[in-house]
Amino acid sequence: MPYSPVPARRSLLKLLAASPAVSALGGIATAAPAHAAAAGPTAPGIVKALPAEHFTVRGTNAEARFDAFADTGYLTPADRFFVRNHTSTPVLDARDWRLTLWGDGLHGRRPVHLTYGQLRDLPSVTRTALIECAGNGRSFYTGQQGEAVSGTAWTLGAVGAARWRGVRLADVLRRAGLARDAVAVQPRGLDAPYVSGGVDHGRVRRPLPIAKALDDVILAYEMNGEPLPYDHGHPVRLVVPSWIGIASVKWLGDIEVSTRPLASPWSTDWYRLFGEAHPEGGSAPLGRQVLKSGYQLPSGATLEAGRVHRLTGRAWSALAPVRKVEVSTDGGAHWRPAQLHDAPRRDGWVRWSAPWRPHRAGRVTLLSRTTDAAGNTQPERAVHNTQGYLFGAVVRHPVTVA
Ligand SMILES: Nc1nc2c(c(=O)[nH]1)N[C@H]1C(S)=C(S)[C@@H](COP(=O)(O)O)O[C@H]1N2
Ligand SMILES: [Mo]
């Protein structure tokens, strides 16, 4: 176990009072308050330390500082990885954990249980994948396009890359007796029910079509070679490569398997596109993420005139491997290719760099633009949607040359 926090009695009582079902499920010690000894800001319900040089706290969430990724390698260390919590991190003990699979999409139609030990005994796979919130970049709808959106005002730091180890969901489903006519699964978390605007929406859950479930989804118990940290889903989370972050349910408790399509507020009310440019009643539930890029430089950074700077950044696409990255150091008038430092691959990002020698003092806007192997390019504007999802447009990065 990465930490051994002392259960806070008050939050334990509060949690039990709020959700009587929790004690029956077992294994929930407490929704721990933020790390007591941590220096710097804390977020309610996040266990790990959130030093200001690495995180910006946004409500119950913590955004990683994208500019500070400059000193990370390809993988995002767990202590630098963004946290998106609908409620708060439950501190679960792997020894008490078990997964329940249930629903009419299983042969026996009787629930099947799997302990942590049994999961660990199944063949494992290891793969690198990004997890990125559907709302990553949301603040640019307002900041660049002047459009109103609801939700957490992320800049570009609601994304990270990690090496996940676990068991293929396909293996677990087949072992549980997947019926031929199953069409959907719905994983659900063990964190407290999500209450918003006085409405109890139940525990975080979202349907996944069977084709994706059987493709590349894993039940992960390791992140970058260590047991999953509490905030990232300890002891077991789903990792759904290339899909929006909400699909990767943390603190996995049960999976419904169904012969009929499933729904939850996370597929009907949220994580769809609503607004003028979209169908009445919203788009289909979102699946894949889009493409993005950004500079590993603070917004408004000051750069010295007359010398060569090595501008660095990252670029990624959930649609296909990155093919090229272009940069502009004059507000978009001229573009030139950046150098790529990683082999482009699906479900990953590439680090890039471009030298720049600014001549005159003044304010300049830096831009970067990803093009992927399927021919997708970051547009100048993203199509507005009321909840600000999937911002894929070129981000304008202001700097000052002095
Ligand atoms: N059980 C549960 N799973 C969850 C969430 C949550 O609040 N509860 N948040 C989701 C969202 S919106 C995102 S973007 C990712 C974030 O994963 P991370 O916190 O490990 O970065 O987890 C997803 N899985
Ligand atoms: Mo998210």
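Calculation notes
Residues numbered from 1 in each chain as written. Chains lettered and ligands numbered in written order. Predicted model: local features only at pLDDT ≥ 70, side-chain atom pairs only at ≥ 80, totals over all residues. Heavy atoms only, no water. Pairing = 2+ DSSP bridges. Helix = DSSP H or I, 4+ residues; strand = E, 2+ residues; numbered from the N terminus. Near = heavy atom within 4 Å. Polar contact = N/O pair within 3.5 Å; in protein donor to acceptor, adjacent residues only side chain to side chain. 1 Å grid on protein atoms, 1.4 Å probe; cavity = no way out; pocket = protein on both sides within 12 Å on 5 of 7 lines; lining within 4 Å. Sits in = over half its atoms within 2 Å of the grid points. Nonpolar A, V, L, I, M, F, W, Y, C, P; charged D, E, K, R; others polar. Salt bridge = Lys/Arg side-chain N within 4 Å of Asp/Glu carboxyl O. Buried < 20%, exposed > 50% of the residue type's maximum accessible area, 1.4 Å probe, protein only. Points joined across faces, edges and corners; volume = space filled by probe spheres on them. Domains from an automatic or database assignment. Phe/Tyr/Trp six-rings, centres within 6.5 Å; stacked < 30°, edge-to-face > 60°.

Trainee: Give me the sheet that holds strand E22 (residues 339–340): which residues, what numbers.
Mentor: The strand order E17-E19-E23-E22 describes an open sheet built from four strands, whose pairing is antiparallel. In the strand order of this sheet, the two ends are held by strand E17 (291–295) and E22, each with one partner. Pairing analysis gives eight bridges linking strand E19 (residues 309–317) to strand E23 (residues 349–356), with the strands arranged antiparallel. Looking across to E23, one finds that Leu311 is bridged to Ala354.

Trainee: Describe in detail the site of ligand 1, supporting the description with residues and values.
Mentor: For ligand 1, the set of nearby residues contains 19 residues, the closest of which are Phe82, Asp191, His232, Arg237 and Lys250. Arg84 places a main-chain nitrogen or oxygen 3.0 Å from an oxygen atom of ligand 1. Judged by the proximity of its atoms to the pocket grid, ligand 1 belongs to the largest cavity. Residues of the shell around ligand 1, tallied by class, amount to nine nonpolar, six polar and four charged.

Trainee: Please set out the pattern of salt bridges residue by residue, giving values where relevant.
Mentor: The tally for this structure, following the rule as stated, stands at 14 salt bridges. Among the salt bridges present, the one from Asp67 reaches Arg65, with a minimum N-O distance of 3.1 Å. You can call Arg65 partly exposed: its relative accessible area is 28%.

Trainee: Give me the layout of surface pockets: which residues, what numbers.
Mentor: Here the idea is plain: a probe the size of a water molecule rolls over the atoms and shows the empty space left. Here the second largest pocket defines a volume of roughly 370 Å³. Looking at the lining of the second largest pocket, the elements that each hand over two or more residues are strand E2 (55–58), strand E3 (61–64), E17 and strand E25 (396–401). It is E25 that provides the largest number of residues to the lining of the second largest pocket, a total of three residues. Split by domain, the residues of the lining of the second largest pocket number at least three in each of domain 1 (9–268) and domain 2 (291–401).

Trainee: Mind laying out empty space enclosed by the protein, listing which residues take part and the relevant values?
Mentor: Scanning the model with the defined rule gives three cavities of 30 Å³ or more in all. Around the largest cavity, the lining comprises 20 residues; the ones closest to its centre are Arg84, Arg237, Gly245, Ser248 and Lys250. Its residues assigned to classes, the lining of the largest cavity comprises 10 nonpolar, six polar and four charged. Space inside the second largest cavity adds up to approximately 90 Å³. Lining the second largest cavity are Leu130, Ile131, Glu132, Ser242, Trp243, Gln289, Trp316, Ser317, Ala318, Asp347 and Gly348. Only strand E7 (125–132) and E19 provide two or more residues apiece to the lining of the second largest cavity.

Trainee: For unusual backbone geometry, give the residues involved together with the corresponding values.
Mentor: Backbone phi values are negative for most residues with the exception of glycine, while trans is the configuration of most peptide bonds. Look at the link from His234 to Pro235: it is a cis peptide, with omega at 5 degrees. Checked against the element boundaries, Pro235 lands in the loop between strand E14 (226–227) and strand E15 (237–239). A positive phi angle is found at Arg109, which is not glycine, with a value near 60 degrees. Phi angles above zero are rare outside glycine, and Asn224 is one such case at about 50 degrees. What makes Asn224 partly exposed here is its relative accessible area of 25%.

Trainee: Summarise the packing of aromatic side chains; cite the residues concerned and give the values.
Mentor: Counted by the stated rule, this structure contains 16 aromatic pairs. Pairing Phe82 with Trp154 gives two aromatic rings, centres 6.0 Å apart and planes at 85 degrees, and the pair type is edge-to-face. On the criterion of sequence distance, the pair formed by Phe82 in the loop between E3 and strand E4 (90–92) and Trp154 in the loop between helix H4 (139–143) and strand E8 (159–168) is long-range, its members being 72 residues apart. Aromatic side chains Tyr194 and Trp266 sit 6.1 Å apart centroid to centroid with 50 degrees between the ring planes, which places their arrangement in the tilted category.

Any functional reading would require information that these geometric values do not contain.
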